[in-house]
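Chain and residue survey
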Amino acid sequence: MPPGITTLAADTPTLSAANTGFMLICSALVMLMTPALAFFYGGMVRVKSTLNMLMMSFISLGIVTVLWVLYGFGVAFGTDIGSVVGWNPDYLGLSGIGVTQLWDGYTIPVYVFAVFQLMFAVLTPALISGALADRVKFTSWALFIALWVTVVYFPVAHWVWGAGGWLFEMGVIDFAGGTAVHINAGAAALGVILVIGKRVGFKKDPMRPHSLPLVMLGAGLLWFGWFGFNAGSWLGNDDGVGAVMFVNTQVATGAAMLAWLGYEKLRHGSFTTLGAASGAVAGLVAITPSGGAVSPLGAIAVGAIAGVLCAMAVGLKYRFGYDDSLDVVGVHLVGGIAGSLLVGLFATGGVQSEAKGLFYGGGLEQLGKQTVGVLAVLAYSLVVSALLALLLDRTIGMRVTEDDEVSGIDRVEHAETAYDFSGAGGGTAPRTTGTAQGGTAAARTKNQKVDA
(Lines give C-alpha, C1' and ligand atoms only; values in the text may rest on other atoms or scores of the structure.)
Protein backbone atom coordinates (compact mmCIF):
# COMPACT_ATOMS: atom_id res chain seq x y z
CA MET A 1 0.00 0.00 0.00
CA PRO A 2 1.14 3.61 -0.55
CA PRO A 3 2.58 6.03 0.61
CA GLY A 4 6.00 4.63 -0.12
CA ILE A 5 5.32 2.87 -3.44
CA THR A 6 6.33 4.95 -6.44
CA THR A 7 3.46 6.08 -8.68
CA LEU A 8 3.20 7.89 -11.99
CA ALA A 9 2.03 11.08 -10.31
CA ALA A 10 3.82 14.28 -11.33
CA ASP A 11 6.71 15.63 -9.27
CA THR A 12 4.45 18.42 -8.03
CA PRO A 13 0.98 16.86 -7.89
CA THR A 14 -2.19 18.89 -7.79
CA LEU A 15 -5.48 17.93 -6.21
CA SER A 16 -7.44 15.56 -8.43
CA ALA A 17 -11.20 15.75 -8.02
CA ALA A 18 -11.55 12.34 -9.69
CA ASN A 19 -9.09 10.57 -7.40
CA THR A 20 -10.45 12.37 -4.35
CA GLY A 21 -14.02 11.35 -5.14
CA PHE A 22 -12.93 7.79 -5.89
CA MET A 23 -11.12 7.54 -2.56
CA LEU A 24 -14.09 8.91 -0.61
CA ILE A 25 -16.27 6.22 -2.20
CA CYS A 26 -13.67 3.56 -1.36
CA SER A 27 -13.56 4.82 2.23
CA ALA A 28 -17.33 4.41 2.48
CA LEU A 29 -17.07 0.89 1.05
CA VAL A 30 -14.47 -0.07 3.64
CA MET A 31 -16.63 1.41 6.39
CA LEU A 32 -19.47 -0.85 5.20
CA MET A 33 -17.24 -3.87 5.79
CA THR A 34 -17.47 -3.54 9.57
CA PRO A 35 -21.31 -3.81 9.68
CA ALA A 36 -21.00 -6.54 7.03
CA LEU A 37 -18.61 -8.41 9.29
CA ALA A 38 -21.10 -7.99 12.12
CA PHE A 39 -23.79 -9.71 10.03
CA PHE A 40 -21.36 -12.42 8.90
CA TYR A 41 -20.32 -13.20 12.46
CA GLY A 42 -23.79 -12.56 13.89
CA GLY A 43 -25.35 -15.28 11.75
CA MET A 44 -22.67 -17.79 12.70
CA VAL A 45 -23.31 -17.73 16.45
CA ARG A 46 -26.21 -19.19 18.42
CA VAL A 47 -29.36 -17.14 18.91
CA LYS A 48 -28.49 -16.18 22.46
CA SER A 49 -25.26 -14.44 21.35
CA THR A 50 -26.41 -12.64 18.20
CA LEU A 51 -26.63 -9.10 19.53
CA ASN A 52 -23.37 -9.35 21.42
CA MET A 53 -21.62 -10.46 18.26
CA LEU A 54 -23.08 -7.54 16.33
CA MET A 55 -22.07 -5.09 19.04
CA MET A 56 -18.51 -6.39 19.25
CA SER A 57 -18.01 -5.18 15.69
CA PHE A 58 -20.09 -2.00 15.87
CA ILE A 59 -18.34 -0.68 18.99
CA SER A 60 -15.08 -0.56 17.04
CA LEU A 61 -16.59 2.14 14.82
CA GLY A 62 -16.86 4.38 17.87
CA ILE A 63 -13.70 3.59 19.82
CA VAL A 64 -11.18 3.42 16.99
CA THR A 65 -12.57 6.48 15.22
CA VAL A 66 -11.99 8.68 18.26
CA LEU A 67 -8.52 7.27 18.99
CA TRP A 68 -7.49 7.58 15.35
CA VAL A 69 -8.34 11.28 15.34
CA LEU A 70 -6.69 11.92 18.71
CA TYR A 71 -3.35 10.21 18.03
CA GLY A 72 -3.64 7.02 15.96
CA PHE A 73 -3.09 8.60 12.55
CA GLY A 74 0.06 10.27 13.83
CA VAL A 75 1.45 7.04 15.29
CA ALA A 76 0.76 5.10 12.10
CA PHE A 77 1.65 7.67 9.44
CA GLY A 78 3.56 10.50 11.09
CA THR A 79 7.26 11.20 10.64
CA ASP A 80 9.22 8.02 11.31
CA ILE A 81 10.85 7.44 14.69
CA GLY A 82 13.31 4.57 14.73
CA SER A 83 11.46 2.69 11.95
CA VAL A 84 8.93 1.57 14.58
CA VAL A 85 6.35 4.34 15.04
CA GLY A 86 5.53 7.70 13.55
CA TRP A 87 4.70 11.06 15.06
CA ASN A 88 3.54 14.44 13.81
CA PRO A 89 2.06 17.08 16.15
CA ASP A 90 -0.03 18.41 13.26
CA TYR A 91 -1.90 15.10 13.23
CA LEU A 92 -3.00 15.36 16.88
CA GLY A 93 -6.74 15.71 16.62
CA LEU A 94 -6.18 16.22 12.87
CA SER A 95 -5.97 19.89 13.88
CA GLY A 96 -2.90 20.97 11.91
CA ILE A 97 -3.97 19.73 8.48
CA GLY A 98 -4.97 22.16 5.74
CA VAL A 99 -8.21 21.56 3.88
CA THR A 100 -6.44 21.24 0.52
CA GLN A 101 -3.15 19.85 1.88
CA LEU A 102 -2.18 16.84 -0.22
CA TRP A 103 -0.86 13.52 0.98
CA ASP A 104 2.82 13.50 0.08
CA GLY A 105 3.31 12.48 -3.56
CA TYR A 106 -0.37 11.99 -4.29
CA THR A 107 -3.32 13.90 -5.64
CA ILE A 108 -5.72 13.41 -2.72
CA PRO A 109 -6.01 15.50 0.46
CA VAL A 110 -4.46 14.30 3.72
CA TYR A 111 -7.96 14.21 5.19
CA VAL A 112 -9.03 11.68 2.54
CA PHE A 113 -6.02 9.45 3.15
CA ALA A 114 -6.61 9.67 6.90
CA VAL A 115 -10.27 8.65 6.68
CA PHE A 116 -9.49 5.80 4.27
CA GLN A 117 -6.89 4.43 6.66
CA LEU A 118 -9.27 4.96 9.57
CA MET A 119 -11.67 2.41 8.11
CA PHE A 120 -8.86 -0.19 8.03
CA ALA A 121 -8.08 0.55 11.65
CA VAL A 122 -11.76 0.13 12.59
CA LEU A 123 -12.16 -3.19 10.80
CA THR A 124 -9.04 -4.94 12.11
CA PRO A 125 -9.97 -5.32 15.82
CA ALA A 126 -13.53 -6.19 14.79
CA LEU A 127 -12.08 -9.21 12.97
CA ILE A 128 -10.66 -10.49 16.26
CA SER A 129 -14.11 -10.60 17.88
CA GLY A 130 -15.22 -13.67 15.96
CA ALA A 131 -12.78 -15.84 17.88
CA LEU A 132 -14.21 -14.74 21.23
CA ALA A 133 -17.93 -15.35 20.68
CA ASP A 134 -20.25 -16.18 23.59
CA ARG A 135 -17.94 -15.49 26.52
CA VAL A 136 -16.32 -12.04 26.81
CA LYS A 137 -17.53 -9.12 28.90
CA PHE A 138 -18.49 -6.24 26.66
CA THR A 139 -16.70 -3.65 28.83
CA SER A 140 -13.52 -5.71 28.77
CA TRP A 141 -13.77 -6.11 25.02
CA ALA A 142 -14.18 -2.36 24.52
CA LEU A 143 -11.13 -1.66 26.68
CA PHE A 144 -9.16 -4.36 24.85
CA ILE A 145 -9.90 -2.64 21.52
CA ALA A 146 -8.59 0.68 22.82
CA LEU A 147 -5.40 -0.87 24.17
CA TRP A 148 -4.83 -3.16 21.21
CA VAL A 149 -5.05 -0.57 18.47
CA THR A 150 -2.75 1.70 20.48
CA VAL A 151 0.09 -0.75 21.10
CA VAL A 152 -0.38 -3.21 18.22
CA TYR A 153 -2.31 -1.94 15.20
CA PHE A 154 -1.01 1.64 14.99
CA PRO A 155 2.69 0.63 15.24
CA VAL A 156 2.31 -2.36 12.90
CA ALA A 157 0.58 -0.17 10.30
CA HIS A 158 3.63 2.08 10.45
CA TRP A 159 6.01 -0.88 10.04
CA VAL A 160 4.20 -2.08 6.94
CA TRP A 161 2.94 1.10 5.22
CA GLY A 162 4.51 4.13 6.86
CA ALA A 163 7.41 5.92 5.17
CA GLY A 164 10.43 4.74 7.17
CA GLY A 165 8.69 1.71 8.67
CA TRP A 166 11.17 -1.15 8.89
CA LEU A 167 9.16 -3.73 6.96
CA PHE A 168 8.30 -1.18 4.30
CA GLU A 169 11.93 -0.17 3.90
CA MET A 170 12.91 -3.83 3.69
CA GLY A 171 10.65 -4.20 0.66
CA VAL A 172 7.90 -6.39 2.11
CA ILE A 173 4.90 -6.21 -0.22
CA ASP A 174 1.50 -5.84 1.42
CA PHE A 175 -0.83 -4.10 -0.98
CA ALA A 176 -3.84 -3.74 1.32
CA GLY A 177 -3.37 -5.56 4.60
CA GLY A 178 -2.31 -9.21 4.58
CA THR A 179 0.13 -8.58 7.42
CA ALA A 180 -1.14 -5.38 9.04
CA VAL A 181 -4.80 -6.44 9.02
CA HIS A 182 -5.34 -10.18 8.65
CA ILE A 183 -2.23 -11.78 10.16
CA ASN A 184 -2.33 -9.09 12.83
CA ALA A 185 -5.96 -9.84 13.73
CA GLY A 186 -5.62 -13.62 13.40
CA ALA A 187 -2.55 -13.78 15.62
CA ALA A 188 -4.23 -11.50 18.16
CA ALA A 189 -7.28 -13.75 18.19
CA LEU A 190 -5.10 -16.78 18.90
CA GLY A 191 -3.28 -14.96 21.68
CA VAL A 192 -6.49 -13.91 23.41
CA ILE A 193 -8.27 -17.26 23.22
CA LEU A 194 -5.22 -19.01 24.68
CA VAL A 195 -5.66 -16.75 27.71
CA ILE A 196 -9.45 -16.77 28.17
CA GLY A 197 -10.06 -20.43 27.36
CA LYS A 198 -12.85 -22.37 25.73
CA ARG A 199 -16.59 -21.85 25.66
CA VAL A 200 -18.72 -23.96 27.95
CA GLY A 201 -19.56 -27.13 26.02
CA PHE A 202 -16.80 -26.77 23.40
CA LYS A 203 -16.47 -30.05 21.45
CA LYS A 204 -19.49 -31.41 23.35
CA ASP A 205 -22.53 -29.27 22.55
CA PRO A 206 -23.69 -28.38 19.04
CA MET A 207 -22.80 -24.76 18.30
CA ARG A 208 -24.25 -24.38 14.83
CA PRO A 209 -24.93 -21.04 13.08
CA HIS A 210 -28.42 -19.79 13.89
CA SER A 211 -28.93 -17.92 10.59
CA LEU A 212 -27.10 -18.96 7.44
CA PRO A 213 -29.00 -16.33 5.37
CA LEU A 214 -27.48 -13.69 7.66
CA VAL A 215 -24.04 -15.22 7.10
CA MET A 216 -24.49 -15.10 3.32
CA LEU A 217 -25.70 -11.50 3.48
CA GLY A 218 -22.64 -10.53 5.51
CA ALA A 219 -20.31 -12.38 3.13
CA GLY A 220 -21.88 -10.68 0.11
CA LEU A 221 -21.51 -7.24 1.68
CA LEU A 222 -17.91 -8.02 2.64
CA TRP A 223 -17.18 -9.02 -0.96
CA PHE A 224 -18.74 -5.77 -2.18
CA GLY A 225 -16.88 -3.58 0.30
CA TRP A 226 -13.60 -5.36 -0.35
CA PHE A 227 -13.33 -3.73 -3.77
CA GLY A 228 -12.88 -0.42 -1.99
CA PHE A 229 -10.54 -2.05 0.52
CA ASN A 230 -8.27 -3.42 -2.22
CA ALA A 231 -8.61 -1.25 -5.31
CA GLY A 232 -8.64 1.92 -3.23
CA SER A 233 -5.30 1.09 -1.65
CA TRP A 234 -3.44 2.48 -4.65
CA LEU A 235 -4.90 5.91 -3.75
CA GLY A 236 -5.99 6.77 -7.26
CA ASN A 237 -6.61 5.64 -10.81
CA ASP A 238 -3.73 7.23 -12.73
CA ASP A 239 -1.82 4.15 -13.88
CA GLY A 240 -4.18 1.16 -13.94
CA VAL A 241 -2.73 -0.70 -10.93
CA GLY A 242 -5.95 -0.24 -8.96
CA ALA A 243 -7.89 -1.71 -11.87
CA VAL A 244 -5.70 -4.83 -11.84
CA MET A 245 -6.28 -5.14 -8.11
CA PHE A 246 -10.05 -4.83 -8.65
CA VAL A 247 -10.00 -7.67 -11.20
CA ASN A 248 -7.74 -9.85 -9.07
CA THR A 249 -10.00 -9.36 -6.05
CA GLN A 250 -12.96 -10.80 -7.96
CA VAL A 251 -10.94 -13.61 -9.56
CA ALA A 252 -9.24 -14.85 -6.40
CA THR A 253 -12.46 -14.76 -4.39
CA GLY A 254 -14.32 -16.85 -6.92
CA ALA A 255 -11.46 -19.35 -7.14
CA ALA A 256 -11.23 -19.67 -3.37
CA MET A 257 -14.94 -20.28 -3.00
CA LEU A 258 -14.81 -23.06 -5.58
CA ALA A 259 -11.71 -24.59 -4.00
CA TRP A 260 -13.24 -24.57 -0.51
CA LEU A 261 -16.45 -26.17 -1.79
CA GLY A 262 -14.48 -28.79 -3.73
CA TYR A 263 -12.46 -29.70 -0.65
CA GLU A 264 -15.62 -29.77 1.44
CA LYS A 265 -17.38 -32.08 -0.99
CA LEU A 266 -14.46 -34.50 -1.09
CA ARG A 267 -13.89 -34.38 2.67
CA HIS A 268 -17.44 -34.21 4.01
CA GLY A 269 -19.71 -35.05 1.09
CA SER A 270 -21.65 -31.78 0.83
CA PHE A 271 -21.50 -28.28 -0.62
CA THR A 272 -22.53 -26.02 2.26
CA THR A 273 -23.57 -22.38 2.25
CA LEU A 274 -21.26 -21.76 5.20
CA GLY A 275 -18.43 -23.23 3.15
CA ALA A 276 -19.23 -20.97 0.20
CA ALA A 277 -19.25 -17.89 2.43
CA SER A 278 -16.08 -18.88 4.28
CA GLY A 279 -14.29 -19.76 1.05
CA ALA A 280 -15.11 -16.37 -0.44
CA VAL A 281 -13.74 -14.60 2.63
CA ALA A 282 -10.59 -16.75 2.52
CA GLY A 283 -10.00 -15.64 -1.07
CA LEU A 284 -10.56 -12.00 -0.18
CA VAL A 285 -8.06 -12.29 2.66
CA ALA A 286 -5.38 -13.97 0.54
CA ILE A 287 -5.56 -11.60 -2.41
CA THR A 288 -5.38 -8.54 -0.16
CA PRO A 289 -1.56 -8.53 0.16
CA SER A 290 -0.80 -10.08 -3.21
CA GLY A 291 -3.32 -8.72 -5.71
CA GLY A 292 -1.17 -5.77 -6.77
CA ALA A 293 1.77 -8.04 -7.58
CA VAL A 294 0.18 -10.96 -9.48
CA SER A 295 -1.61 -11.46 -12.78
CA PRO A 296 -5.23 -12.66 -13.00
CA LEU A 297 -3.93 -16.19 -13.57
CA GLY A 298 -1.81 -15.79 -10.47
CA ALA A 299 -4.91 -14.58 -8.62
CA ILE A 300 -6.66 -17.84 -9.50
CA ALA A 301 -3.74 -19.75 -8.01
CA VAL A 302 -3.67 -17.56 -4.88
CA GLY A 303 -7.41 -17.99 -4.36
CA ALA A 304 -7.45 -21.73 -4.97
CA ILE A 305 -4.49 -22.40 -2.69
CA ALA A 306 -5.92 -20.23 0.08
CA GLY A 307 -9.36 -21.82 -0.24
CA VAL A 308 -7.99 -25.30 0.34
CA LEU A 309 -5.53 -24.30 3.06
CA CYS A 310 -8.13 -22.36 5.04
CA ALA A 311 -10.70 -25.14 4.69
CA MET A 312 -8.15 -27.54 6.13
CA ALA A 313 -7.08 -25.11 8.86
CA VAL A 314 -10.50 -24.55 10.43
CA GLY A 315 -10.40 -28.08 11.82
CA LEU A 316 -7.12 -27.55 13.65
CA LYS A 317 -8.91 -26.06 16.66
CA TYR A 318 -10.44 -29.46 17.42
CA ARG A 319 -7.10 -31.19 17.08
CA PHE A 320 -5.15 -28.73 19.24
CA GLY A 321 -7.96 -27.71 21.58
CA TYR A 322 -8.11 -23.92 21.15
CA ASP A 323 -11.63 -22.53 20.84
CA ASP A 324 -11.56 -20.19 17.83
CA SER A 325 -15.32 -19.72 17.79
CA LEU A 326 -15.82 -18.44 14.24
CA ASP A 327 -12.55 -19.52 12.61
CA VAL A 328 -10.66 -16.22 12.69
CA VAL A 329 -7.38 -18.12 13.01
CA GLY A 330 -8.29 -20.60 10.29
CA VAL A 331 -9.40 -17.99 7.76
CA HIS A 332 -7.68 -14.69 8.55
CA LEU A 333 -4.38 -15.85 10.01
CA VAL A 334 -3.88 -18.74 7.59
CA GLY A 335 -5.30 -16.82 4.63
CA GLY A 336 -3.16 -13.80 5.41
CA ILE A 337 -0.03 -15.94 5.70
CA ALA A 338 -0.80 -17.74 2.44
CA GLY A 339 -1.48 -14.55 0.49
CA SER A 340 1.60 -12.81 1.86
CA LEU A 341 3.96 -15.70 1.12
CA LEU A 342 2.53 -16.38 -2.33
CA VAL A 343 3.72 -12.93 -3.39
CA GLY A 344 7.19 -14.48 -3.25
CA LEU A 345 6.12 -17.08 -5.79
CA PHE A 346 3.67 -15.36 -8.15
CA ALA A 347 4.75 -11.69 -8.29
CA THR A 348 5.19 -10.82 -11.97
CA GLY A 349 7.25 -7.66 -11.58
CA GLY A 350 4.91 -5.85 -13.94
CA VAL A 351 2.14 -4.41 -11.78
CA GLN A 352 2.75 -2.46 -8.57
CA SER A 353 6.55 -2.85 -8.54
CA GLU A 354 9.42 -4.58 -10.31
CA ALA A 355 9.79 -7.22 -7.59
CA LYS A 356 9.48 -10.74 -9.05
CA GLY A 357 8.60 -13.99 -7.38
CA LEU A 358 10.30 -17.35 -7.70
CA PHE A 359 8.11 -18.51 -10.60
CA TYR A 360 8.92 -15.36 -12.60
CA GLY A 361 12.70 -15.49 -12.28
CA GLY A 362 13.06 -13.51 -9.09
CA GLY A 363 14.65 -16.27 -7.03
CA LEU A 364 14.00 -16.52 -3.30
CA GLU A 365 14.70 -12.90 -2.37
CA GLN A 366 11.11 -11.65 -2.27
CA LEU A 367 9.89 -14.82 -0.60
CA GLY A 368 12.47 -14.26 2.13
CA LYS A 369 11.29 -10.69 2.67
CA GLN A 370 7.67 -11.82 2.83
CA THR A 371 8.58 -14.49 5.37
CA VAL A 372 10.24 -11.94 7.63
CA GLY A 373 7.15 -9.72 7.45
CA VAL A 374 4.80 -12.59 8.25
CA LEU A 375 6.81 -13.86 11.21
CA ALA A 376 7.43 -10.40 12.68
CA VAL A 377 3.79 -9.33 12.69
CA LEU A 378 2.55 -12.75 13.81
CA ALA A 379 4.94 -12.96 16.76
CA TYR A 380 4.45 -9.37 17.92
CA SER A 381 0.67 -9.45 17.72
CA LEU A 382 0.39 -12.91 19.31
CA VAL A 383 2.55 -12.08 22.32
CA VAL A 384 1.32 -8.53 22.98
CA SER A 385 -2.33 -9.46 22.50
CA ALA A 386 -2.00 -12.34 24.94
CA LEU A 387 -0.36 -10.03 27.48
CA LEU A 388 -3.14 -7.46 27.10
CA ALA A 389 -5.79 -10.16 27.57
CA LEU A 390 -3.94 -11.47 30.62
CA LEU A 391 -3.75 -7.97 32.10
CA LEU A 392 -7.46 -7.40 31.67
CA ASP A 393 -8.35 -10.87 32.87
CA ARG A 394 -6.34 -10.42 36.08
CA THR A 395 -7.82 -6.96 36.77
CA ILE A 396 -11.41 -6.44 35.60
CA GLY A 397 -11.92 -9.96 34.21
CA MET A 398 -12.38 -10.89 30.56
CA ARG A 399 -15.10 -13.53 30.78
CA VAL A 400 -18.69 -13.56 31.89
CA THR A 401 -19.62 -16.18 34.48
CA GLU A 402 -20.39 -19.71 33.39
CA ASP A 403 -24.06 -19.28 34.34
CA ASP A 404 -24.30 -16.09 32.29
CA GLU A 405 -22.65 -17.77 29.33
CA VAL A 406 -25.07 -20.67 29.44
CA SER A 407 -28.16 -18.48 29.86
CA GLY A 408 -27.10 -16.16 27.07
CA ILE A 409 -24.70 -13.25 26.81
CA ASP A 410 -27.22 -11.05 24.99
CA ARG A 411 -29.50 -10.79 28.00
CA VAL A 412 -26.64 -10.42 30.46
CA GLU A 413 -24.58 -7.80 28.64
CA HIS A 414 -27.22 -5.96 26.60
CA ALA A 415 -30.59 -6.66 28.26
CA GLU A 416 -32.01 -7.55 24.84
CA THR A 417 -32.62 -10.50 22.54
CA ALA A 418 -32.15 -10.61 18.80
CA TYR A 419 -35.60 -11.99 18.01
CA ASP A 420 -38.87 -11.32 19.79
CA PHE A 421 -41.45 -14.03 19.10
CA SER A 422 -43.95 -12.86 21.69
CA GLY A 423 -46.26 -11.46 19.03
CA ALA A 424 -45.76 -14.22 16.50
CA GLY A 425 -48.95 -16.13 17.33
CA GLY A 426 -52.00 -15.92 15.12
CA GLY A 427 -54.26 -14.74 17.92
CA THR A 428 -55.32 -15.79 21.38
CA ALA A 429 -56.23 -19.36 22.15
CA PRO A 430 -58.06 -20.82 25.14
CA ARG A 431 -55.92 -22.39 27.81
CA THR A 432 -55.89 -26.18 27.67
CA THR A 433 -55.29 -28.86 30.20
CA GLY A 434 -54.19 -32.45 30.23
CA THR A 435 -52.46 -33.92 27.22
CA ALA A 436 -52.85 -30.81 25.10
CA GLN A 437 -51.25 -28.65 27.76
CA GLY A 438 -48.43 -31.18 28.13
CA GLY A 439 -47.83 -31.01 24.40
CA THR A 440 -47.63 -27.25 24.54
CA ALA A 441 -45.14 -27.41 27.39
CA ALA A 442 -43.04 -29.89 25.45
CA ALA A 443 -43.10 -27.63 22.42
CA ARG A 444 -42.10 -24.69 24.59
CA THR A 445 -39.22 -26.67 26.05
CA LYS A 446 -38.11 -27.65 22.56
CA ASN A 447 -38.18 -24.05 21.43
CA GLN A 448 -36.12 -23.01 24.43
CA LYS A 449 -33.52 -25.62 23.57
CA VAL A 450 -33.38 -24.40 19.97
CA ASP A 451 -32.99 -20.83 21.18
CA ALA A 452 -30.06 -21.89 23.32
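Residues numbered from 1 in each chain as written. Predicted model: local features only at pLDDT ≥ 70, side-chain atom pairs only at ≥ 80, totals over all residues. Heavy atoms only, no water.

Remarks on helix 13 (residues 365-395)
Owing to its 3.6 residues per turn, the α-helix aligns residues three or four sequence positions apart on the same side. When the terminal C-alpha atoms of helix 13 are compared, their 46 Å separation across 31 residues agrees well with the 45 Å that a helix rising 1.5 Å per residue should span. For helix 13, the set of buried residues is Gln366, Gln370, Gly373, Val374, Ala376, Val377, Ser381, Val384, Ser385, Leu388, Ala389 and Leu392. (Helix = DSSP H or I, 4+ residues; strand = E, 2+ residues; numbered from the N terminus. Expected span 1.5 Å × (residues − 1). Buried < 20%, exposed > 50% of the residue type's maximum accessible area, 1.4 Å probe, protein only.)

Notes on the confidence of the model for the chain
Across the chain, the average pLDDT comes to 92, with 91% of residues at or above 70. Scored below 50 in pLDDT, residues 2-10 makes 23 contacts in the model with residues more than four places away or belonging to other chains. Note on residues 427-452: pLDDT is under 50 here. Beyond four places in sequence and across chains, it has five contacts. (pLDDT = per-residue confidence, 0-100. Contact = heavy atoms within 4.5 Å.)

Observations regarding the nonpolar core
Core analysis: the biggest nonpolar cluster contains 108 residues, and Phe40, Phe73, Leu132 and Tyr153 have the highest contact counts within it. Filtering out sequence-adjacent residues up to four positions away, leucine 132 remains in contact with Met56, Trp141, Val192, Ile193, Ile196 and Ser325. Ala286, Val294, Leu342 and Leu345 belong to the second largest nonpolar core, which has 10 residues in total. (Core = buried A, V, L, I, M, F, W, Y, C linked by side-chain atoms within 4.5 Å.)

A word on the side chain of serine 27
Looking at the secondary structure, you find serine 27 in helix 1 (residues 17-44). Serine 27 sits in the buried class, given a relative accessible area of 4%. Among all residues touching serine 27, those that are not within four sequence positions of it are Val112, Val115, Phe116 and Met119.

Re the packing of helix 1 against helix 3 (residues 110-128)
Two numbers describe how helix 1 lies on helix 3: the axes approach to 9 Å, and their chain directions differ by 10°. When the interaxial angle is binned, helix 1 and helix 3 end up roughly parallel. Every pair of crossing elements has a handedness; the one defined by helix 1 and helix 3 is left-handed. On the side of helix 1, the interface is formed by Thr20, Met23, Leu24, Cys26, Ser27, Val30, Met31, Met33, Thr34, Leu37 and Tyr41, while helix 3 contributes Val112, Val115, Phe116, Met119, Phe120, Val122, Leu123, Ala126 and Leu127. Counted by class, the contact of helix 1 with helix 3 contains 17 nonpolar, three polar and no charged residues. (Axes fitted to C-alpha atoms, helices over the stretch in contact; angles between N-to-C directions. Parallel < 35°, antiparallel > 145°, perpendicular 65-115°, else oblique. Left-handed = near helix turned anticlockwise from the far one by under 90°. Nonpolar A, V, L, I, M, F, W, Y, C, P; charged D, E, K, R; others polar.)

Details of the pattern of salt bridges
In this structure the tally under the stated criterion is six salt bridges. A salt bridge links glutamate 365 to lysine 369; its shortest N-O distance comes to 3.4 Å. With glutamate 365 and lysine 369 both in helix 13 and four residues apart, the pair spans about one turn of that helix. Judged by its relative accessible area of 22%, lysine 369 falls in the partly exposed class. One connected set of salt bridges, linked through shared partners, spans Arg46, Asp134, Arg199 and Asp323. (Salt bridge = Lys/Arg side-chain N within 4 Å of Asp/Glu carboxyl O.)

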